[in-house]
Amino acid sequence: FFGLATTAGTVSHTGAAGLTLGGGFGRLGRRFGLSCDNLVSVDVVTAGGKFLRASKDENQDLFWGLRGGGGNFGIATGFEYRLHAMGPMILGGPIIFPFSQARQVLEFFVEFAATAPDELNMDCAIVAPPGAKPMVVLEICYSGDLATGEKVIAPIRNFSKPLADQVKAMPYVDMQTAGDAANAPGRNYYVKSGFVERVEPGLFEAMLAGYSADPGRATVLVLQQLGGAISRVRPEAAAFPHRGAKFDLLVLGGWDDPSQTERHSAWVKSFWSGVEPYTRGFYFNTSIGDSQEKIRTNFGANYPRLKKLKRRYDPGNLFRLNANVQP
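Residues numbered from 1 in each chain as written. Predicted model: local features only at pLDDT ≥ 70, side-chain atom pairs only at ≥ 80, totals over all residues. Heavy atoms only, no water.

**Q** Whenever I open this one, the environment of isoleucine 156 confuses me. Can you help?
**A** Considering the arrangement of structural elements, one finds isoleucine 156 in helix 5 (residues 146-158). On the accessibility criterion, isoleucine 156 (0% relative accessible area) is buried. Taking the C-alpha atoms as reference points, isoleucine 156 and alanine 181, separated by 25 residues in sequence, lie 26 Å from one another. The residues touching isoleucine 156, leaving out its near neighbours within four places in the chain, are Ile95, Phe108, Phe112, Leu120, Met122, Leu138 and Ile140. (Helix = DSSP H or I, 4+ residues; strand = E, 2+ residues; numbered from the N terminus. Buried < 20%, exposed > 50% of the residue type's maximum accessible area, 1.4 Å probe, protein only. Contact = heavy atoms within 4.5 Å.)

Printed below as a string of structure tokens:
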């Protein structure tokens, strides 16, 4: 209620520590940058038991590595963030289309996203709740002046007739809880993701051809819009290197019956194998079971510097249950 905000996750119970250390996507990221871009300082307990503060003035090398290098260098116990002036109200909500229009919606979304202002965050999701038919959802969050926002999103509302248009002025904090129920703790999940730098021919076909609903599984396929302020940070300025990505392509399955874990995980893996060739690199916060080679490649030119940091702060690789940088 102080008219200040910084980039948080897209589900209100997302843990701030893991979110930030891995990069930190959120609805305000295109306007204010990733969560890690808004870090002022981090308190860390190292593998050797030392308490350190990392910032642009203290332990600068560690501060660099903590902004996208994950939990490789210690236990982060405190975060200080840069805040930005922002009103409490945003223009947001879903616009829902039938699955039969999926290709049309995807094409419009990609074209419109290319020139969207930083204040607009727009994600395109194909969603099938358990036992229900799939639908296509454009989720809108415009965090600037509301009157301007109405003009900005008018083409989205008018390009085709939707099943429902639920975009309205609402408190930003309400928008942040919109996905909580669908991502409730205690459910079983499996997720894969990859960055899309350029929408190549065949991507939409691969997305739609392999997609299938299941009565026992929530099935979610998302193109999350990136760019904006995220892209205006140099890849070497922090450990997070994927500044040129236009979208994060994410596939998620969620189910309640643990006896079905193997079946549903296998479906996500199989579906992902068809769309992965259209991606380059992936978001470590949605990484599950990736090989050491993939992890090295994913950090790109930042990996050698991360390895030096690992040897300095965790030479015994105590912190290894992660996207592990090996000393």
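**Q** What is the right way to read helix 5 from this model?
**A** Given 3.6 residues per helical turn, the α-helix brings residues three or four places apart onto the same face. The terminal C-alpha atoms of helix 5, which comprises 13 residues, lie 18 Å apart, in line with the 18 Å expected from a rise of 1.5 Å per residue. For helix 5, the full list of buried residues reads Gly149, Val152, Ile153 and Ile156. Where helix 5 is buried, its residues contact strand 6 (89-98), helix 4 (102-113), strand 7 (120-128) and strand 8 (135-142). Capping the start of helix 5, aspartate 145 holds a side-chain oxygen 3.3 Å from the backbone nitrogen of alanine 147, two or three residues further along. (Expected span 1.5 Å × (residues − 1). Polar contact = N/O pair within 3.5 Å; in protein donor to acceptor, adjacent residues only side chain to side chain.)

**Q** I would appreciate a short explanation of the packing of aromatic side chains in the present structure.
**A** Two numbers describe a pair of aromatic rings. These are the distance of the centres and the angle of the planes. The full count for this structure, using the stated rule, is 14 aromatic pairs. The interplanar angle of 85° and the centroid separation of 6.0 Å between the aromatic rings of phenylalanine 25 and phenylalanine 195 together place this pair among those described as edge-to-face. You can see phenylalanine 25 sitting in the loop between helix 1 (16-22) and helix 2 (29-32) and its partner phenylalanine 195 sitting in strand 11 (residues 188-196), a full 170 residues away along the chain. Each member of the pair, phenylalanine 25 together with phenylalanine 195, is buried. Between phenylalanine 299 and tyrosine 303, the ring centres sit 6.4 Å apart and the planes meet at 35°, which makes this aromatic pair tilted. Both residues of the pair, phenylalanine 299 and tyrosine 303, belong to the buried class. Cluster of aromatic residues (ring-pair linked, three or more members): Phe25, Phe195, Phe240 and Tyr283. Cation over ring: arginine 217 sits above tryptophan 267, and NZ or CZ is 4.1 Å from the ring centre. Its guanidinium or amino end placed over the ring of tryptophan 64, arginine 305 lies 4.0 Å from that ring's centre, counting from NZ or CZ. (Phe/Tyr/Trp six-rings, centres within 6.5 Å; stacked < 30°, edge-to-face > 60°. Lys NZ or Arg CZ within 6 Å of the ring centre and 35° of its normal.)

**Q** Please explain a positive patch on the surface as it appears in this structure.
**A** A cluster of like positive charges, contributed by Arg296, Lys307, Lys308 and Arg311, occupies part of the molecular surface. Looking at the positive patch, the element that brings in the most residues is helix 10 (residues 303-313), giving 3 residues. Of the residues examined, lysine 307 reaches a relative accessible area of 31% and is grouped as partly exposed. (Patch = residues over 30% accessible without salt bridge, like charges linked within 9 Å, V, L, I, M, F, W, Y side chains within 5 Å. Areas by Shrake-Rupley, 256 points an atom, 1.4 Å probe, with all protein chains shown as cover. Salt bridge = Lys/Arg side-chain N within 4 Å of Asp/Glu carboxyl O. Lys, Arg positive; Asp, Glu negative; His and termini not counted. Charge placed at Lys NZ, Arg CZ, Asp CG, Glu CD.)

**Q** When you look at the layout of surface pockets in this model, what are you seeing that I'm missing?
**A** One number sums up the size of the largest pocket: a volume of about 1600 Å³. Forming the walls of the largest pocket are 48 residues, and the residues nearest its centre are Thr10, Val11, Gly179, Asn183 and Leu252. Counting only elements with at least two residues in the lining of the largest pocket, the list comes to helix 1, strand 6, strand 7, strand 8, helix 6 (172-175), strand 11, strand 12 (218-225) and strand 13 (247-255). At 5 residues, the largest contribution of residues to the lining of the largest pocket is made by strand 13. (1 Å grid on protein atoms, 1.4 Å probe; cavity = no way out; pocket = protein on both sides within 12 Å on 5 of 7 lines; lining within 4 Å. Points joined across faces, edges and corners; volume = space filled by probe spheres on them.)

**Q** What is the right way to look at the pairing of strand 8 in this model?
**A** Where a strand is regular, its side chains alternate between the two sheet faces. Among the 8 residues of strand 8, 7 are classified as buried, and the element is accordingly described as predominantly covered. Of the pairings in the sheet, the one linking strand 6 to strand 8 comprises 8 bridges and is antiparallel in character. Bridge pairing in strand 8 places glycine 93 opposite isoleucine 140. Bridging between strand 7 and strand 8 involves 8 bridges; their strand directions are antiparallel. Within strand 8, the residue paired with isoleucine 126 across the bridge is valine 136. (Pairing = 2+ DSSP bridges.)

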